[in-house]
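Summary of structural features
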Amino acid sequence: MQLDKMDENDWVYHGEGNKNLVVAHLSRVLRLLKYPAEDSENPPQSAEQAFRQIQNIVDFSSNVMSILLGEKFVHSGEVVKLPLEFVRQLSIKVQHERPGWRCDKVIDIYSGCALSLPNLTYPVLHLSTHTPPLCVEIKPKWGFLPSSKHVSKDIKSKVCRFCMYQLYKVATGKWKKRSLYCPLDLFSGNKQRMHFAIRQLIEEPQNNLKIFKGGQCIYSRKDSDDSLDLNSLLHHLRPYFLQGNNRFNCHMTNKAVLNDFIQVLMNALLSSEGREGGPVNDRHAERQSYCDASLFNKERSRQGSQGLPGDSVLSRILQTQMLDMRDIEELYPLYHRVEQHLQDFPKQRARLHIEGPYNKEFLEMLQKCPAEDDGSVEYAATKVGIHQYLITKTAKDCSIMVALVPSSDKEEEDEGPPPFTSLVSILDLDPKPFDSILYQLRLDQTIVSFYLQTRSALP
Ligand code: ATP
Ligand code: MG
Ligand code: ZN
Ligand code: MG
């Protein structure tokens, strides 16, 4: 990529989240910051601050998250300075492709800074075959229930956050239809429960599932009430599965195509590249790992709960989410301690690494944190700001990208789907802003009380 010869015509709109918009060109993507539309005339930060913010993301991803999640899954990328004219033209070019409900934010066209990353939907491994890679992006969300001794409302240790939040999101119009996906099913390691969870993601993807082919998104929910075309998805998928023992059987049913696809995806999510691992960890085994709101029939899976292979992507994410299992209600007083301290000594924000930098001193602070609360601000800052906020919340919001290409492996088995080579990555590993914890506490209270009021009306 020659930064002085950037041409907006080379780049296409690729996708966006709440904070960033992504454009792609072959095997690279550029991830640009977004601002609330009200600030479009006046950028909320200077170009230097934007550069610092993106550098922080890179440092946090490479120095912290990649160690916890596994280097093989994490691509941290690099900050680039783009010509302003290129960014302006790009922003005009992609505008009409953006989903309406994301347009409350605009692209940062003032700083010229962006994060350059490998295009994980178009990995280099596809070059070995002529078939375009399939790629599935899953935003799995929280895979465990907080332990009951920490929560004020009993329901929080029975029904997971995702399932509770669904009722609120549908009632407030964010989504038209409720998703029956439950993260605890996906993270269970039990193949039937995982199959059920992935099936639900396909039925109602919301912003938790996207499917790409050859680097282009072919299945996602763009607006809360657009129509989803499952038939068109199946049409795309079918040729990939008419192989092996099905090669001569073009009458493979849609159900069989979908089952094979889910099976291949599940294998990639559970793969640990030869390394054997037991169930994810003991803490997980002791706790309730069923969510009472999941519609998966519990009796069906009782006979075999395999647990996650220790080195699989799901296991690494779940372990990172569970680094700090305290509930937000228990954390709030610790946050308050830090906030009071910072009011009195604002300059200590840097020493306590509230907003980074995520360097060697930061890692030392992590290591030095006492195990028990000694009443210090250092303890509170490390527990709240770092463990809970930057690390566990980031792991609750990240996405998994699974790229799949039919494998040229000649050894075909008679049973099951044809062989695929998979490349699994984790993306969206930004540190979360420390100051949003009060908002998070209020949101948590809203979601829980709304759930308690309305669940009696559930099917
Ligand atoms: P969120 O609201 O989930 O926090 P975000 O604003 O932080 O999202 P990302 O999730 O990083 O933004 O990126 C938005 C979308 O762009 C992703 O969902 C994914 O589809 C796509 N994307 C991001 N990074 C890459 C990459 N390296 N390769 C391919 N696609 C990517
Ligand atoms: Mg995202
Ligand atoms: Zn649930
Ligand atoms: Mg994000």
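Attention here is on the structure that accompanies the text. Bear in mind the structure is a predicted one, so any value in this text is a computation, not a measurement.

1. Let's talk about the coordination of the zinc ion (ligand 3)
In this structure, C160 (SG), C163 (SG), C182 (SG) and C291 (SG) serve as the protein donors to the zinc ion (ligand 3), at separations of 2.3 to 2.4 Å. Coordination at the zinc ion (ligand 3) is tetrahedral: its 4 donor atoms span angles of 103 to 112 degrees at the metal. In primary sequence terms, the donor set of the zinc ion (ligand 3) follows C-x2-C-x18-C-x108-C. Accessibility classification places C160 together with C163 in one group, the buried group.

2. Topic: the pattern of salt bridges
The tally for this structure, following the rule as stated, stands at 23 salt bridges. The partner of R88 in a salt bridge is E85, and the shortest N-O contact between them spans 3.4 Å. Taken together, the positions of R88 and E85, both in helix α2 (residues 84-95) and 3 residues apart, correspond to about one turn of that helix. The partly exposed category is assigned to R88, whose relative accessible area is 33%. Across the pair K158 and D154 runs a salt bridge, and its minimum N-O distance is 2.9 Å.

3. What to know about the site of ligand 1
Lining the immediate surroundings of ligand 1 are 21 residues, of which N18, K19, N20, E137 and K139 lie closest. Isolated, ligand 1 exposes 620 Å² of accessible area, and the fraction of that covered by the protein chains is 93%. Looking at the shell around ligand 1, the elements with two or more residues in it are β1 (12-16), β2 (20-25), β3 (28-36), β6 (113-118) and β8 (209-213).

4. Some words on the side chain of K34
Along the chain, K34 turns up in strand β3. Within polar-contact distance, the side chain of K34 engages the side chain of E16 at 2.7 Å. If we ignore the near neighbours within four places in the chain, the residues touching K34 are E16, G17, N18, K19, N20, L21, R98, R102, K105, V106, I107 and D108.

5. Considerations on the packing of aromatic side chains
Here the structure, examined in full by the defined rule, presents 11 aromatic pairs. The interplanar angle of 85 degrees and the centroid separation of 4.9 Å between the aromatic rings of Y358 and F362 together place this pair among those described as edge-to-face. There is no split in this pair, since Y358 and F362 are both buried. Following the ring pairs from residue to residue traces out a cluster consisting of F60, Y358 and F362. The residue whose ring lies beneath R161 is Y165, and the NZ or CZ to ring-centre distance is 5.4 Å. Across from the ring centre of W142, 3.8 Å away, lies the NZ or CZ of K396, which sits over that ring.

Quick notes on the rules
- Residues numbered from 1 in each chain as written.
- Chains lettered and ligands numbered in written order.
- Predicted model: local features only at pLDDT ≥ 70, side-chain atom pairs only at ≥ 80, totals over all residues.
- Heavy atoms only, no water.
- Donors = N, O, S within 2.8 Å, 3.2 Å for Na, K, Ca; no water.
- Tetrahedral: all angles 85-135°; square planar, octahedral: opposite > 155°, others 65-115°.
- Buried < 20%, exposed > 50% of the residue type's maximum accessible area, 1.4 Å probe, protein only.
- Salt bridge = Lys/Arg side-chain N within 4 Å of Asp/Glu carboxyl O.
- Helix = DSSP H or I, 4+ residues; strand = E, 2+ residues; numbered from the N terminus.
- Near = heavy atom within 4 Å.
- Areas by Shrake-Rupley, 256 points an atom, 1.4 Å probe, with all protein chains shown as cover.
- Polar contact = N/O pair within 3.5 Å; in protein donor to acceptor, adjacent residues only side chain to side chain.
- Contact = heavy atoms within 4.5 Å.
- Phe/Tyr/Trp six-rings, centres within 6.5 Å; stacked < 30°, edge-to-face > 60°.
- Lys NZ or Arg CZ within 6 Å of the ring centre and 35° of its normal.

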